[in-house]
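One-letter residues, chain by chain:
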Amino acid sequence: MKIIAAYLLAVLGGNTSPSADDVKDILNSVGAEADDDRIQLLLTEVRGKDITELIASGREKLASVPCGGGGGAVAVATSSAGGGGAAAGPTAAEPKKEEKVEEKEESDEDMGFSLFD
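Parameters and conventions
Residues numbered from 1 in each chain as written. Predicted model: local features only at pLDDT ≥ 70, side-chain atom pairs only at ≥ 80, totals over all residues. Heavy atoms only, no water. Axes fitted to C-alpha atoms, helices over the stretch in contact; angles between N-to-C directions. Helix = DSSP H or I, 4+ residues; strand = E, 2+ residues; numbered from the N terminus. Parallel < 35°, antiparallel > 145°, perpendicular 65-115°, else oblique. Left-handed = near helix turned anticlockwise from the far one by under 90°. Contact = heavy atoms within 4.5 Å. Nonpolar A, V, L, I, M, F, W, Y, C, P; charged D, E, K, R; others polar. 1 Å grid on protein atoms, 1.4 Å probe; cavity = no way out; pocket = protein on both sides within 12 Å on 5 of 7 lines; lining within 4 Å. Points joined across faces, edges and corners; volume = space filled by probe spheres on them. Buried < 20%, exposed > 50% of the residue type's maximum accessible area, 1.4 Å probe, protein only. Arc of directions from axis to C-beta.

J.: Explanation requested: the packing of helix H1 (residues 2-12) against helix H3 (residues 36-46) in the structure shown.
T.: Helix-helix packing is described using two parameters, namely the angle between the two axes and the distance between the axes. At a minimum axis separation of 10 Å, H1 and H3 run at an interaxial angle of 55°. Accordingly, the angle class assigned to the pair H1 and H3 is oblique. Judged by the sense of rotation from one axis to the other, the crossing of H1 with H3 is right-handed. In this structure, H1 uses Ile3, Ile4 and Tyr7 to contact H3, whose residues at the interface are Arg38, Ile39, Leu42, Leu43 and Val46. Taken together, the residues of the contact of H1 with H3 break down into seven nonpolar, no polar and one charged.

In C-alpha cells:
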C-alpha cells in the first residue's frame, strides 16, 4: 500500500510515469522500506496506463463488492444455531426495519438546580 501511495504522490507531483528510483526516493524520505520486487511489480502493472482510468475502473469494481452491515451473517448464524434453516430463509431475505429510539433530554428541573442560578 505504501508503494502505491508513493507512486500516486509522484504522479500528483507531475511525474506522469515515475521510475523505481522516484518511488524509492519518496519512500526513503519518510523512512519507509522500499521493496524492489514490489516496486517493479507495480511499475509493470501500470506501465502505459492512465492512472485516472485505473482509479475509475477500481471504483467500479469496488462498487460491486457487497458491504452490508452484517445483518445476513447474523441471520445465518441464528439459523445454524437453531437448526431451522427453512424458517430462516424468508427472514434473511427481508431487511429488518430499525426502530429509532429517541432518548429524552434531561431537564434542569429534574436535578433541582439550574446552571445559571
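J.: What am I meant to see in the packing of H1 against helix H2 (residues 20-29) here?
T.: Two elements in contact, H1 and H2, have axes separated by 9 Å at closest approach and are oriented at 110°. The orientation of H1 with respect to H2, classified from their angle, is roughly perpendicular. Residue-level contacts link Lys2, Ile3, Ala6, Tyr7, Leu9 and Ala10 of H1 to Val23, Ile26 and Leu27 of H2. Across the contact of H1 with H2, the residue classes break down as eight nonpolar, no polar and one charged.

J.: Got a minute to help me understand the layout of surface pockets in this structure?
T.: As a volume, the second largest pocket reaches approximately 210 Å³. Lining of the second largest pocket is provided by 13 residues; of these, Ile4, Val46, Ile51, Leu54 and Ile55 occupy positions nearest its centre. The element contributing the most residues to the lining of the second largest pocket is helix H4 (residues 51-63), with six residues. Its residues placed into classes, the lining of the second largest pocket shows eight nonpolar, two polar and three charged.

J.: Please clarify how H2 should be interpreted in this entry.
T.: Buried residues of H2: Ala20, Val23 and Leu27, and no others. Summarising the axial view, the buried residues of H2 lie within an arc of 70°, below the 170-degree limit, and thus occupy one face. What points out from H2, more than 90 degrees from its buried face, is the exposed set Asp21, Asp25 and Ser29. Elements in contact with the buried residues of H2: H1 and H3. Just downstream of H2 lies glycine 31, where phi reads positive at about 80°.

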